[in-house]
Amino acid sequence: MRELLNHIFIEEASAEKYIQFIHDGKIWILPKDSIATAIDMYQPSTFKGRMLKKKVIRKKKASKLLGTQEKSYKISDAILKCIENAIGHDKFSVAGYMGDETTWQNDKVTLQIYDDRRIIAYMRVTENEKVANQFQHEVDTIKYLQEKGIDNIPYLSASGKESDFSFFVETTKKPIGQKVKLPLEEEQMDFLKRIHDVTIQNMPYEETDFAKSVNYLKEHMADFTEEQQAIIAKGISKIEEKMKGERIDVTFAHGDFTPWNIYYTDDVINVFDFEYSRRMMPEYLDAFHYITQESRMGRHHEATGTVRFYGHHGKLLQEYVENPDFSYTCYLVWIISFYHERSTENLDAISDKFEYWTSVMEYLNDYEIVKIEKDDEEK
């Protein structure tokens, strides 16, 4: 996978100076002369990561203490050509990011394209055919949402293949240096409602994307501990008891709706990174992903802390979701299935995630966390 980076950022002694560092198995390559803007790509969720970001900006040089290196890179001519065609000029800088090697889906590089005034666009690049198919899925998703009248999402400026690279480029209005905004509030929920209202459809459960995820998980139960199997089986039983053989309402789901995939312009929400989206999922599943990721990654809660954190959102969730506990169970079954499928060759690397999600699900199986408010007549 790392070969892709070497094909985009080519070492050349007389070329531009870059600062490169690795954190949690992920790699960032940032032009030294514009490090303060380049490092906007790096959105750490841990205290250690935030301190690393500050130190890199302040020092503006490589340091063994920081785990960084200084290297000289030339950007691939094919990549430069794609960028120039996409944005219409040749005055820009390029910073790069590549995820860890736990899954083939990370066999891609994200490039941040910017100048001294603004971030212009983001470009995704791969040489992997399977990942290229994911790119096409994201391109189709952006077009689909635009046709549905959803704005405040990226504008697709180019996509295709150049040399051995498959790519797409999307413009952005993301302000430089904007901090991640954690809390789930009505503005995020209202964005999800807009998508919900224009994509909702009623169909047999068995034909939905969600049913496929549930069935996949049932087929791979042997990969979990006996305790985890019992918890997951109980969650699936609840889902199938309510949905199997029925027609259900399903909607579009972003798939990775988190504080890190959102930015704000004049207090207006903008959402990006739709590569894991699905069109036939239970309503408002994205809200439960947001809460869970905010809790675990943003606030570093263990499972019990996440359950309490989720409970604090009960009043907000009930404005949109009929039965939040059930919807949360649907989310947990889906996320476990999703991560298993994307990490089949390296399940040990994400065993802690499975333990965390099943622990949260165990509470939902055994207790009513968000008490459902009844109509006045029923009280």
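Just above, that's the structure.
Note that the structure is predicted; figures quoted are calculated from it, not measured.

*Asks:* Is there a simple way to explain the sheet that holds strand S13 (residues 278-282) in this structure?
*Replies:* Neighbouring strands of a sheet are bound in pairs by backbone hydrogen bonds; such pairs are parallel or else antiparallel. The 3 strands lie next to each other as S9-S10-S13, forming an open sheet whose pairing is antiparallel. The open sheet has two free edges, formed respectively by strand S9 (201-204) and S13, since each of these has just one partner strand. Here the strands of the sheet are splayed against their neighbours by 55 degrees on average, with no regard to which way each runs. Across 3 bridges, strand S10 (residues 247-253) lies against S13 in antiparallel orientation. Within the sheet, the bridge partner assigned to Thr251 lies in S13 and is Met281.

*Asks:* For this particular structure, what's the right way to read the packing of helix H7 (residues 209-219) against helix H8 (residues 226-243)?
*Replies:* How two helices pack is summed up by the angle between their axes together with the distance between the axes. Contact pair H7 / H8: the axes reach a minimum separation of 11 Å and the direction vectors enclose 145 degrees. H7 and H8 meet at a crossing whose hand is left-handed. Taking contact as the criterion, the partners of Phe210, Val214, Asn215, Leu217 and Lys218 in H7 are, on H8, Ile232, Ile236, Ile239, Glu240 and Met243. Residues belonging to the contact of H7 with H8 are distributed by class as follows: 7 nonpolar, 1 polar and 2 charged.

*Asks:* Would you mind going over helix H6 (residues 186-199) with me for this structure?
*Replies:* The periodicity of an α-helix, 3.6 residues per turn, causes residues three or four positions apart to be oriented the same way. In this model H6 runs 20 Å from its N-terminal to its C-terminal C-alpha over 14 residues, within 8% of the 20 Å that 1.5 Å per residue would give. Buried within H6 we find Gln188, Met189, Phe191, Leu192, Ile195, His196 and Thr199. Around the axis of H6, the buried residues are gathered within 155 degrees of arc, so they sit on the same side.

*Asks:* Sorry if this is basic, but what is going on with the nonpolar core here?
*Replies:* Formed by 68 residues in total, the largest nonpolar core has its most connected members in Phe191, Phe210 and Ile336. A per-element tally of this core places helix H12 (residues 324-342) first, with 11 residues. Leaving out residues up to four positions away in the same chain, Ile336 has contacts with Leu217, Phe224, Ile232, Phe354, Trp357, Thr358 and Met361. In this structure, Leu4, Ile29, Ile120 and Val125 belong to the second largest nonpolar core, which totals 29 residues.

*Asks:* Looking at this structure, how should I read the environment of Met297?
*Replies:* Relative to the helices and strands, Met297 resides in helix H9 (residues 285-298). The exposure class assigned to Met297 is partly exposed, which follows from its relative accessible area of 30%. Taking the C-alpha atoms as reference points, Met297 and Met243, separated by 54 residues in sequence, lie 31 Å from one another.

*Asks:* Even after reading the chapter, I still don't get helix H4 (residues 77-87), so can you show me in this structure?
*Replies:* Among all positions of H4, only Ala78, Ile79, Cys82, Ile83, Ala86 and Ile87 are buried. Taken down its axis, H4 places every buried residue within 145 degrees of arc, on the same side. Turned more than 90 degrees away from the buried face of H4, the exposed residues are Asp77 and Asn85. Looking one or two places after H4, you find Gly88, whose phi comes out positive at around 85 degrees.

*Asks:* Looking at this model, I keep getting lost on the environment of Asn261. Mind explaining?
*Replies:* Along the chain, the position of Asn261 falls in the loop between S10 and strand S11 (262-265). Apart from residues lying up to four places away in sequence, Asn261 is in contact with His254, Asp256, Asn270, Val271, Phe272 and Asp273. A polar side-chain atom of Asn261 sits 2.8 Å from the main-chain carbonyl oxygen of Asp256.

*Asks:* It is not clear to me how the pairing of strand S4 (residues 93-98) should be interpreted in this structure. Could you clarify?
*Replies:* Pairing of strand S2 (residues 26-31) with S4 involves 3 bridges; the strand directions are antiparallel. Paired with Ile29 across the strands is Gly96, a residue of S4. Sheet topology places S4 next to strand S5 (residues 109-114); 5 bridges connect them, and they run antiparallel. Along S5, the bridge assignment pairs Tyr97 with Thr110.

*Asks:* It is not clear to me how the sheet that holds strand S3 (residues 68-75) should be interpreted in this structure. Could you clarify?
*Replies:* Taken in spatial order, the 8 strands make up an open sheet running S3-S1-S2-S4-S5-S6-S8-S7, and their pairing is antiparallel. Across the chains shown, the open sheet's two edge strands, defined by having one partner strand only, are S3 and strand S7 (155-162). Sheet twist, expressed as the average angle between the axes of neighbouring strands with direction ignored, equals 25 degrees. As defined by bridge partners, strand S1 (residues 9-23) adjoins S3 across 9 bridges and the pair is classed as antiparallel. Bridge pairing in S3 links Ile10 to Lys74. In the packing of H4 onto the sheet, contacts are made with S3, S4, S5, strand S6 (119-126), S7 and strand S8 (165-171), and the angle to S6 comes to roughly 135 degrees. Each of S6, S7 and S8 is contacted by helix H5 (residues 129-147), which is oriented at about 25 degrees to S8, the strand it contacts most.

*Asks:* Please explain the layout of surface pockets as it appears in this structure.
*Replies:* Space left empty within the atom packing is revealed by a probe, the size of a water molecule, rolled over the atoms. In this structure, the largest pocket spans a volume of roughly 1600 Å³. Around the largest pocket, the lining is made up of 49 residues, and of these Lys26, Tyr97, Asp256, Trp260 and Met297 lie nearest the centre. Among the elements of the structure, S2, S4, S6, S8, H9, H12 and helix H13 (351-366) are those that each provide at least two residues to the lining of the largest pocket. Taken together, the residues of the lining of the largest pocket sort by class into 18 nonpolar, 16 polar and 15 charged.

Calculation criteria
Residues numbered from 1 in each chain as written. Predicted model: local features only at pLDDT ≥ 70, side-chain atom pairs only at ≥ 80, totals over all residues. Heavy atoms only, no water. Pairing = 2+ DSSP bridges. Helix = DSSP H or I, 4+ residues; strand = E, 2+ residues; numbered from the N terminus. Axes fitted to C-alpha atoms, helices over the stretch in contact; angles between N-to-C directions. Left-handed = near helix turned anticlockwise from the far one by under 90°. Contact = heavy atoms within 4.5 Å. Nonpolar A, V, L, I, M, F, W, Y, C, P; charged D, E, K, R; others polar. Expected span 1.5 Å × (residues − 1). Buried < 20%, exposed > 50% of the residue type's maximum accessible area, 1.4 Å probe, protein only. Arc of directions from axis to C-beta. Core = buried A, V, L, I, M, F, W, Y, C linked by side-chain atoms within 4.5 Å. Polar contact = N/O pair within 3.5 Å; in protein donor to acceptor, adjacent residues only side chain to side chain. 1 Å grid on protein atoms, 1.4 Å probe; cavity = no way out; pocket = protein on both sides within 12 Å on 5 of 7 lines; lining within 4 Å. Points joined across faces, edges and corners; volume = space filled by probe spheres on them.

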